[in-house]
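# What the coordinates show
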Amino acid sequence: LVIKCRAAVAWEPNKPLVIEEIEVAPPQANEVRIKIVATGVCHTDLYHLFEGMHKDGFPAVLGHEGAGIVESVGPGVTEFQPGDKVIPLFVSQCRECRFCKNPKTNQASGRHDMMAPADSRFTCKGKKVLQFMGTSTFSQYTVMNQIAIAKIDPAAPLDKVCLLGCGICTGYGAAVNTAKVEPGSTCAVFGLGAVGLAAVMGCKSAGAKRIFAVDINPDKFGKAKVFGATDFVNPKDHDKPISQVLAEMTNGGVDYSLECVGNVTVMRSALESCVKGWGVSVLVGWTDLYDVATRPIQLIAGRTWKGSLFGGFKSKDGVPQMVKAYLDKKVKLDEFITHNMTLGQVNDAIELMKHGKWCVHTFSTIDDLPAIQ
């Protein structure tokens, strides 16, 4: 059966989302239809709406940081059944391609770019509506391929673990899996949104001795301290490059730096803040609009520049592990949430994030607008 439900539709770039009634087709072969219970708003959603300039990426339903319950499954699906608690994944894990079989990467042959797949199970007013990043969690229901869904512990609170669908895994894993932060080391995290705060948490979990939180908004330093930051640096307080400031504070530079902004100038600063000889800098923030550059000597001198997608977690394996870590109180999630809002308030949530008027993260519950069957 086709389900009629509510979703926040982005009809075109740079315009508010519109709450619409959409039709969600039943799952086809190897697909699962999920009732979304909670979703976070991530800066990547804003990037697609305001910065990416992908005109052919609309109309679309945004959202890629959700959690929900399996409503129905299509032919060939054996891993999931109705009632299972799940987290949709924008990075798939088929376990069969050369990428999935290689322990050195979490990428798969499936999609992981910003655009929606050309095929979609959504229609609205007779038009096909694209599924952003294949997920579309700003909808009461979504349909996804089984290789892009993680089954999680039934005890997990969906309104908290939805954050593991993107930001928290991305930042935490960048520190633990990609940078491989070592005990006793010195780290710097650039940008203190949800991803940056999760990176701070990852550095602390890995045993870092000093963690520099770098942001131009000092209001975020208090939150960073909660997650383990020991030192706070606002580039606006200094008349010299931040890399020089950090070098002076750390006897030559930090062991690890993580760029969690998505700004190529900041990426360069993060690399140049690392100590020569062994410093490792990880690009975590997303952008594909500009080239990134540095002087070759920065790398010749022994620094390593790496990128991290979804924190290096193989998605179907890693997300349930992170859910367990949360349930075991080894990873914080509640502390990231600053606002509890409804799907109908999604534009308010976007405005809050756009203007940096909140510390970290918001999530919208879908239950305010009853599904129409």
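Remember, predicted model here, so these are calculated numbers, not experimental data.

## A word on the side chain of N106
Locating N106 in the fold gives a position in the loop between β6 (85-88) and β7 (122-124). Looking at N106, its side chain comes within polar contact range of the main-chain oxygen of L309, at 2.7 Å. For N106, the side chain forms a polar contact with the main-chain oxygen of F313, separated by 3.0 Å. Excluding anything up to four places from it in sequence, N106 contacts V91, S92, L309, F310, G312, F313 and K314.

## Focus: helix α6 (residues 242-249)
For α6, the complete set of buried residues consists of I242, S243, V245 and L246. Viewed along the axis of α6, the buried residues span an arc of 160°, placing them on a single side of the element. Turning to α6, the residues buried within the fold contact β11 (186-190), β12 (210-214), β13 (231-233) and α7 (264-272). Backbone geometry just after α6 places N251 at a positive phi near 60°.

## A look at the pairing of β12
Taken across its five residues, β12 has four buried, putting it largely inside the fold. In this sheet, β12 lies alongside β11 in parallel orientation, the contact comprising five bridges. Counted as the bridge partner of F190 is V214 from β12. Summarising the sheet, β12 and β13 pair through three bridges and their orientation is parallel. If you follow F212 over to β13, its bridge partner there is D231.

## Let's talk about the packing of aromatic side chains
The way to describe two aromatic rings as a pair is by their centre distance and the angle between their planes. Under the defined criterion, the tally for this structure stands at three aromatic pairs. Taking 5.3 Å as the distance between ring centres and 40° as the angle between the ring planes, the aromatic pair formed by F221 and F232 counts as tilted. Residue F221 is located in helix α5 (residues 221-226), and its partner F232 is located in strand β13; the two are separated by eleven residues in the primary sequence. F221 sits in the buried class, given a relative accessible area of 14%. Seen from the ring of F99, R98 lies directly overhead, with NZ or CZ sitting 5.8 Å from the centre.

## What about helix α3 (residues 167-179)?
Over its 13 residues, α3 extends 17 Å from the first C-alpha to the last, a length consistent with the 18 Å expected when each residue adds 1.5 Å. A maximum bend of about 45° is found in α3 at G173. Of all 13 residues making up α3, eleven are buried, and the element is well covered by its neighbours. Among the residues of α3, G167, I168, C169, T170, G171, Y172, G173, A174, A175, T178 and A179 are the ones counted as buried.

## Concerning the packing of α3 against helix α4 (residues 194-205)
Running from amino to carboxyl end, α3 crosses α4 at an angle of 40°, the nearest separation of the two axes being 7 Å. Classed by the angle they form, the pair α3 and α4 counts as oblique. Here α3 and α4 pass one another in a crossing that is right-handed. Across from G167, I168, T170, G171, Y172, A175 and V176 in α3, the residues of α4 making contact are A194, V195, A198, A199, M201, G202, C203 and S205. By residue class, the composition of the contact of α3 with α4 is ten nonpolar, five polar and no charged.

## A word on the nonpolar core
V161 and L258 are the most contacted members of the largest nonpolar core, which has 92 residues in total. Sort the elements by how many residues they give to this core and α4 lands first, with eight residues. Each of domain 1 (3-167 + 312-365) and domain 2 (180-307) gives at least three residues to this core.

## Some words on the confidence of the model for the protein
Overall, the predicted model of the protein reaches an average pLDDT of 91, with 92% of residues at or above 70. Here residues 358-365 is a poorly scored stretch, pLDDT under 50, and it has 53 contacts once near neighbours within four places are set aside; other chains count. Low pLDDT, under 50, characterises residues 369-373; the predicted model gives this stretch 19 contacts beyond four residues in sequence or across chains.

Basis of the calculations
Residues numbered from 1 in each chain as written. Predicted model: local features only at pLDDT ≥ 70, side-chain atom pairs only at ≥ 80, totals over all residues. Heavy atoms only, no water. Helix = DSSP H or I, 4+ residues; strand = E, 2+ residues; numbered from the N terminus. Polar contact = N/O pair within 3.5 Å; in protein donor to acceptor, adjacent residues only side chain to side chain. Contact = heavy atoms within 4.5 Å. Buried < 20%, exposed > 50% of the residue type's maximum accessible area, 1.4 Å probe, protein only. Arc of directions from axis to C-beta. Pairing = 2+ DSSP bridges. Phe/Tyr/Trp six-rings, centres within 6.5 Å; stacked < 30°, edge-to-face > 60°. Lys NZ or Arg CZ within 6 Å of the ring centre and 35° of its normal. Expected span 1.5 Å × (residues − 1). Bend = angle between axes of the 7 residues up to and from the residue. Axes fitted to C-alpha atoms, helices over the stretch in contact; angles between N-to-C directions. Parallel < 35°, antiparallel > 145°, perpendicular 65-115°, else oblique. Left-handed = near helix turned anticlockwise from the far one by under 90°. Nonpolar A, V, L, I, M, F, W, Y, C, P; charged D, E, K, R; others polar. Core = buried A, V, L, I, M, F, W, Y, C linked by side-chain atoms within 4.5 Å. Domains from an automatic or database assignment. pLDDT = per-residue confidence, 0-100.

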